[in-house]
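Survey of secondary and tertiary structure
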Amino acid sequence: MKPIAVFQNTHDDGPGQFEVFARERSLPIKIFRLYANDSLPPSLDEFNGLCILGSPRSVNDDLAEFRIMESLILEARRERVPVIGHCFGGQILSKALGGKVSRATHAEIGWSDIRAHAHTWFGAERFPMFQWHKEIFSVPRDATLLASSEHCPNQAFSVDEIHFGMQFHCEVDQAKIESWLDKQGKSEIAVSPSPGVQTPVEIRRLLPSRLATSKRVAATIYAQWAKALRA
């Protein structure tokens, strides 16, 4: 089986639970460490799927690698190569398919309660997910809205029933959350006056119970997405 291409944009935002899922299913992956100057592939001919992880940068930034990503997403849609985007990844999936990414009215940092509009993708109607974003995406034309939250009406969407974009971080594990809180949590949270932003103390208090549910829902999302991978 061809590997799944994974685009990792920053050193502290690795594939986490996505890599755990792939390993358990014996799905090969190839990680492109863009923060370490790995080059993006010229095409997706050698790959069975595409996973795009988060980034602190905006998809609207005038960067050549972002335009290449968008081109690869369009190729993936033409060739029916499944794409899954986490946070920034969901935003660039939306933008590539004609959606817009803009400043959020309310930033989200911490745990939020997600309301599902399509049970198949999540296995639950309501569930917690970890957030860390100040921008939001619109749902592209021909896409289906799959989930919402109080402060972000567009939390997840699907296109052609095989591509999945999300605003939340279902791939997180405890190490990733702790790393983000330790390295940037206090400063970024302090300058984010939003009802969708929690304190580091509150995030850590909720972590054990919320993360366990998040991992279960992540496994359901990944399993549904993986159905479109070619054998």
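Thresholds, definitions, all that
- Residues numbered from 1 in each chain as written.
- Predicted model: local features only at pLDDT ≥ 70, side-chain atom pairs only at ≥ 80, totals over all residues.
- Heavy atoms only, no water.
- Axes fitted to C-alpha atoms, helices over the stretch in contact; angles between N-to-C directions.
- Helix = DSSP H or I, 4+ residues; strand = E, 2+ residues; numbered from the N terminus.
- Parallel < 35°, antiparallel > 145°, perpendicular 65-115°, else oblique.
- Left-handed = near helix turned anticlockwise from the far one by under 90°.
- Contact = heavy atoms within 4.5 Å.
- Nonpolar A, V, L, I, M, F, W, Y, C, P; charged D, E, K, R; others polar.
- Phe/Tyr/Trp six-rings, centres within 6.5 Å; stacked < 30°, edge-to-face > 60°.
- Buried < 20%, exposed > 50% of the residue type's maximum accessible area, 1.4 Å probe, protein only.
- Core = buried A, V, L, I, M, F, W, Y, C linked by side-chain atoms within 4.5 Å.
- Salt bridge = Lys/Arg side-chain N within 4 Å of Asp/Glu carboxyl O.

**Digging into the packing of helix H1 (residues 17-24) against helix H6 (residues 200-226)**
- Between H1 and H6, whose axes approach to 10 Å, the crossing angle comes to 55 degrees. The orientation of H1 with respect to H6, classified from their angle, is oblique. Here the hand of the crossing between H1 and H6 comes out right-handed. Residues Gln17, Phe18 and Phe21 of H1 form the contact with H6, whose own contacting residues are Lys215, Ala219, Tyr222, Ala223, Trp225 and Ala226.
- Per-class residue counts for the contact of H1 with H6 are seven nonpolar, one polar and one charged.

**Description of the packing of aromatic side chains**
- Going through the model one piece at a time under the given rule, you end up with 14 aromatic pairs.
- Aromatic side chains Phe21 and Tyr222 sit 5.7 Å apart centroid to centroid with 45 degrees between the ring planes, which places their arrangement in the tilted category. Of this pair, Phe21 sits in helix H1 while Tyr222 sits in helix H6, and the two are 201 residues apart along the sequence.
- You can call Phe21 buried: its relative accessible area is 7%.
- Since its relative accessible area comes to 1%, Tyr222 is described here as buried.
- One aromatic cluster is present, built from ring pairs that chain together Phe18, Phe21, Tyr222 and Trp225.

**Points about the nonpolar core**
- If you look at the biggest cluster of nonpolar residues, it comprises 32 residues, and the most contacted ones within it are Ile84, Phe122, Phe164, Phe168, Ile221 and Trp225.
- Counting residues per element, the ones that place at least two in this core are strand E1 (4-8), H1, strand E5 (101-116), helix H4 (119-122), strand E6 (126-137), strand E7 (143-149), strand E9 (163-166) and H6.
- Ranked by residues supplied to this core, first place goes to H6 with seven residues.
- For Phe168, the contacting residues outside a window of four places in its chain are His86, Cys87, Ile114, Phe122, Met129, Phe130, Gln131, Gln155, Ala156 and Ile221.
- Judged by nonpolar contacts, the second largest core, of 27 residues, contains Phe32, Leu72, Val81 and Phe157.

**What to know about the pattern of salt bridges**
- Scanning the entire structure with this criterion turns up nine salt bridges.
- In this structure, the salt-bridge partner of Arg57 is Glu65, at a minimum N-O distance of 3.0 Å.
- For the salt bridge of Asp160 with Arg77, the shortest nitrogen-to-oxygen distance reads 2.8 Å. On the criterion of sequence distance, the pair formed by Asp160 in the loop between strand E8 (156-159) and E9 and Arg77 in helix H2 (residues 64-79) is long-range, its members being 83 residues apart.
- Residue class for Asp160 comes out partly exposed when judged on its relative accessible area of 30%.
- Shared partners join several salt bridges into a network, and the residues in it are Asp13, Glu171 and Lys176.

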